[in-house]
Structure formats: structure tokens, C-alpha cells
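Structure assessment
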Amino acid sequence: MEKDIYRDKIIQIFIMIELVLAVFINFCTVILNNKTLVSVCFALNFFIFLLIFIIFLNSFKNISAYYLILIVLSMINIFFSYVLNNTANFKNIIYIRCYIFFIVTNSFYYIISKIQVSKKLYLFTINCCFLTVLFNLGSYYILKNREIVANGITLNFPNPNLTGLWISVSFMFGIIKVVETHSKIRKIIFFLLIILLLPIVVKTLSRNVIISLVFLGLLVIYGLVFKINKMSKYILLLILVFPFIFCFIYLACVNMPIMNKFYFLQSEGKTLNSRLYIWDYGLKHFLHYPLIGSYSQLIFDGNGGAQLHNTALDISSKYGIIVYLLFIKVNYNILKRINRNFLKKIQYLALCCFLSIIVQGIFEGGLYAGYYGLEYLIGGFLVIAKGYKR
């Protein structure tokens, strides 16, 4: 028992370091615009994760078989994908970068769900992640970073969609900070700060971010109206598979007149059929190799960083349908461990924030294919949702 407590304390310290590095990535990007420091922090994030992973594997006896099979089978499928396509670049580790991100993200969330969260880690996560609100506001309103790429504001990130993701996560941590704060004056101040983030979100022109924030609002209203302290397991499962369902609905309806009803989601350079080519491309590869995926052919950009802008399609087309089903099972179990009778409303809110990020997977696949370090920050929602034992 004492050994388990000591192990959890060590892992919690490393999780704090991961969060600090992720927040510092935000600072180095939007304030310093220093890509070298961002790369160093990103590398340190991965190194710290390896330490967490080693401690976890060496100390936990009840590791899920589904989780282990997910790691091994996805790697085997990549190998066969390269063999079948006679690809010579398998020896170059950069070509399995997406796989590394896939395993890191799944493992990080899985480990958080398995450890005991202390009050120190819980409060540290809330306060540390809230700093991103200040950094993003400072970048936009004080430093006047207004660079436009593809008609959307970037705040020094590579593209507006990624900017929107960072700002939306920052906004969610801001809401959590408002709820957690007891002082009425501080509540008002923090609330005004997060309101100032909304114009930045809008100017990124990121549709999936706006959709996810609307979805977050609906989940919160649902919780308030029905006074629930535990999310339905069916809702959890539906949210996990929703990106997969949405992809097929989109491909079936994109050229139908009904799509004209959603014209308000269009903007200059971003039409409603903007995902048609890439999703059709991914679906063809999935149907060609449904069991093992077509990883080697889908990593088409030469640096191992390609993703298909839909979580479900990205995973199933790269690793095959069996790996995708294992992914659903592992993440469903993660959410079940987190989702219990919450003692605080803030825990339910944090789970809703995490689920809204999952919903962003309908138009982005980066969470499990590399999110510029944001995946570690998103793990903070699971830390808060799990809470601590009094």
C-alpha cells in the first residue's frame, strides 16, 4: 500500500511537470514566438512521459489487456502496412511519429485514470492551466499579435485551427477557475477575462471549436437542469463514436440540398465541403485495408505528421478497424473510471470540457496524432474531473 502511494506521488510530480511544460509551450508561442524553446519543451514533454510510462508499467499489476493489445497491435499493423506497400522508410523513426503521439496520448490519459489524485495536484492543475488565459490575452490585446493565415488569426501558432484549439482549451480552464474560486470579486475578474477570449476564438474562424463550445454549453445545461452528478454511460459511448458516425453522415449528405441550411458555418476559404477530399481519400484507404490500415500510404507528407481531420477516420484508416474498436474500449474505460458520483460540480464541468474536446474530433484528428503539446494540457481536465479523496 505504501509503495502504491509513493508511486502515485512520483507520477503526480511528473504530471505537474508535463502541465508546466505544456503551459510554457503556450507562453513561448504566443508571447515569445520562439520555436526553438517550443521544440525543447515538446521534447522534454516526451522524455517526462517516458519516465511516467516506465514507472507505471513497472508498478501496476492490473493493467488492462485491451490497453496493451492496443499498443502492440497498432505497431504490428504499421509494420505490415509498410511491408505490403514495400515502403523503404520504415527505418526512419520520423515516419512513425503519428504512432508515437497516438500511444503517448492514450497512455497519458489511461495513467491519469488509474492513479490517485492528490489535492495538491488537483489545485495545481487548475491554477497552472489558467495561466494560458493570461498569456493568450496578453498576446492579442497587449502585444497585438494579429497575424492572419488563411483568413484566421494565429497568435504565432502554425494555423488558425490549432490556435482555436489552444484558445478553446484555455477558455475552458478559465470557466473551471471561475467555478472553483470562492471570492465574488475574483469570480467577476476571472469571468471578464474569459469573456475577452471569445473574440479571439471567433477570429480564428475555427468551426469545430465553436461547435465544441456550443456542445460544452449543452452538456452543462443538461447537468444543471437534471441535477446530475454522473454522466450516463450511453452518452459517454455516443460521444466517443460520434466522430465516426459524423464522418459517414457528412460524406453521404455533403452534396445534398440540405447542406445549404448550414451555410452560416462557411467562411472565405472554408466551404462546407472542405473535408470532402481528405475524408474520401482516407475512407478509400480504410476500405482497401480495413483490418490492418494503410499507415504507410497515409503518411504522405514525408514527415510522419499527416492526419485526416477526423479522429475516427484517422485511427481506423491508419491502424485498422480492430485497433479503432480497441481505442473506443480503452477510452470508454478511462471515462468510466473518471465518471463517478462527483462530489463537486467542477468535476462534472471538467469531464464536460474533456468530452467537448472529443467532439472536436469530427473536424480534427490531431488529439491522437500530435497537438503541439496541447494533449498534455487536455489531460488536466481528467485530473480535475477525477478529483481527490478528502
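Our structure's up above, just so we're on the same page.
Described below are features of the structure shown in this document.

How each quantity is defined
Residues numbered from 1 in each chain as written. Predicted model: local features only at pLDDT ≥ 70, side-chain atom pairs only at ≥ 80, totals over all residues. Heavy atoms only, no water. Helix = DSSP H or I, 4+ residues; strand = E, 2+ residues; numbered from the N terminus. Expected span 1.5 Å × (residues − 1). Bend = angle between axes of the 7 residues up to and from the residue. Buried < 20%, exposed > 50% of the residue type's maximum accessible area, 1.4 Å probe, protein only. Contact = heavy atoms within 4.5 Å. Axes fitted to C-alpha atoms, helices over the stretch in contact; angles between N-to-C directions. Parallel < 35°, antiparallel > 145°, perpendicular 65-115°, else oblique. Nonpolar A, V, L, I, M, F, W, Y, C, P; charged D, E, K, R; others polar. 1 Å grid on protein atoms, 1.4 Å probe; cavity = no way out; pocket = protein on both sides within 12 Å on 5 of 7 lines; lining within 4 Å. Points joined across faces, edges and corners; volume = space filled by probe spheres on them. Patch = residues over 30% accessible without salt bridge, like charges linked within 9 Å, V, L, I, M, F, W, Y side chains within 5 Å. Areas by Shrake-Rupley, 256 points an atom, 1.4 Å probe, with all protein chains shown as cover. Salt bridge = Lys/Arg side-chain N within 4 Å of Asp/Glu carboxyl O. Polar contact = N/O pair within 3.5 Å; in protein donor to acceptor, adjacent residues only side chain to side chain. Phe/Tyr/Trp six-rings, centres within 6.5 Å; stacked < 30°, edge-to-face > 60°.

**Digging into helix 10 (residues 233–253)**
Taking 1.5 Å per residue, 21 residues should reach 30 Å; helix 10 reaches 29 Å between its end C-alpha atoms and fits that length. In helix 10, a bend of some 50° at Val-241 exceeds every other bend along the element, and Pro-243, a proline, comes one to four places later. For helix 10, the full list of buried residues reads Leu-236, Ile-239, Leu-240, Pro-243, Cys-247 and Tyr-250. The elements touched by buried residues of helix 10 are helix 9 (207–226), helix 11 (276–288), helix 13 (311–319), helix 14 (321–338) and helix 15 (345–359).

**Things to note about the packing of helix 10 against helix 15**
Two elements in contact, helix 10 and helix 15, have axes separated by 8 Å at closest approach and are oriented at 25°. Taken together, helix 10 and helix 15 sit at an angle that is classed as roughly parallel. Of the residues in helix 15, those touching helix 10 at Leu-236, Ile-239, Leu-240 and Pro-243 are Leu-355, Ile-358 and Val-359. In terms of residue class, the contact of helix 10 with helix 15 is built from 7 nonpolar, no polar and no charged.

**Topic: the layout of surface pockets**
There is about 450 Å³ of room inside the second largest pocket. Taken together, 18 residues line the second largest pocket, and the ones lying closest to its centre are Val-220, Leu-224, Lys-345, Tyr-348 and Leu-349. Listing elements by their share of the lining of the second largest pocket, those giving two or more residues are helix 6 (160–180), helix 9 and helix 15. By residue number, the principal contributor to the lining of the second largest pocket is helix 9, which donates 6 residues.

**Observations regarding unusual backbone geometry**
Of note in this structure, Leu-205 is not a glycine but carries a positive phi near 60°. Relative to the helices and strands, Leu-205 is located in the loop between helix 8 (198–203) and helix 9. The backbone of Lys-227 shows a phi angle near 50°, a positive value even though the residue is not glycine. Inspection of the secondary structure puts Lys-227 in the loop between helix 9 and helix 10. Classification of Lys-227 by relative accessible area gives exposed; the value is 74%.

**As for a nonpolar patch on the surface**
Nonpolar side chains collect at one region of the surface, where Val-72, Ile-76, Phe-79, Phe-80, Val-83 and Leu-84 lie side by side and expose about 530 Å² of accessible area between them. Within the secondary structure layout, Ile-76 lies in helix 3 (residues 65–84).

**Brief notes about the side chain of Ser-316**
Secondary-structure assignment places Ser-316 in helix 13. Of note is the side chain of Ser-316, whose polar atom sits 3.4 Å from the backbone oxygen of Leu-313. Ignoring anything within four residues of it in the chain, the contact list for Ser-316 reads Phe-244, Phe-286, Gly-293, Ile-321 and Tyr-324.

**Thoughts on the packing of aromatic side chains**
By the definition in use, this model includes 31 aromatic pairs. Between the aromatic rings of Tyr-67 and Tyr-110, the centroid separation amounts to 4.3 Å while the plane-to-plane angle is 10°, which identifies the pairing as stacked. One end of the pair, Tyr-67, is in helix 3; the other, Tyr-110, is in helix 4 (residues 97–114), and 43 residues separate them in sequence. Residue Tyr-110 is classed as buried on the basis of its relative accessible area, which comes to 2%. Measuring from ring centre to ring centre gives 5.4 Å for Tyr-109 and Phe-354, while their planes differ by 85°; the resulting arrangement is edge-to-face. In this pair, Tyr-109 sits in helix 4 while Phe-354 sits in helix 15, placing the two residues 245 residues apart along the sequence. On the basis of relative accessibility, which here comes to 0%, the residue Tyr-109 falls in the buried class.

**Re empty space enclosed by the protein**
A probe matching the size of a water molecule, rolled over the atoms, marks out where space remains unfilled. Scanning the model with the defined rule gives 3 cavities of 30 Å³ or more in all. Its boundaries defined by the atoms lining it, the largest cavity holds a volume of some 110 Å³. For the largest cavity, the lining is made up of 15 residues, of which Pro-243, Thr-311, Ile-358, Gly-361 and Tyr-368 are closest to its centre. Put simply, the parts of the chain that give the lining of the largest cavity at least two residues each are helix 10, helix 13, helix 14 and helix 15. Counting residues per element, the lining of the largest cavity draws most heavily on helix 14, which supplies 3 residues. A breakdown of the residues in the lining of the largest cavity according to their chemical character gives 11 nonpolar, 3 polar and 1 charged.

Any link to function would need more than the numbers given here.
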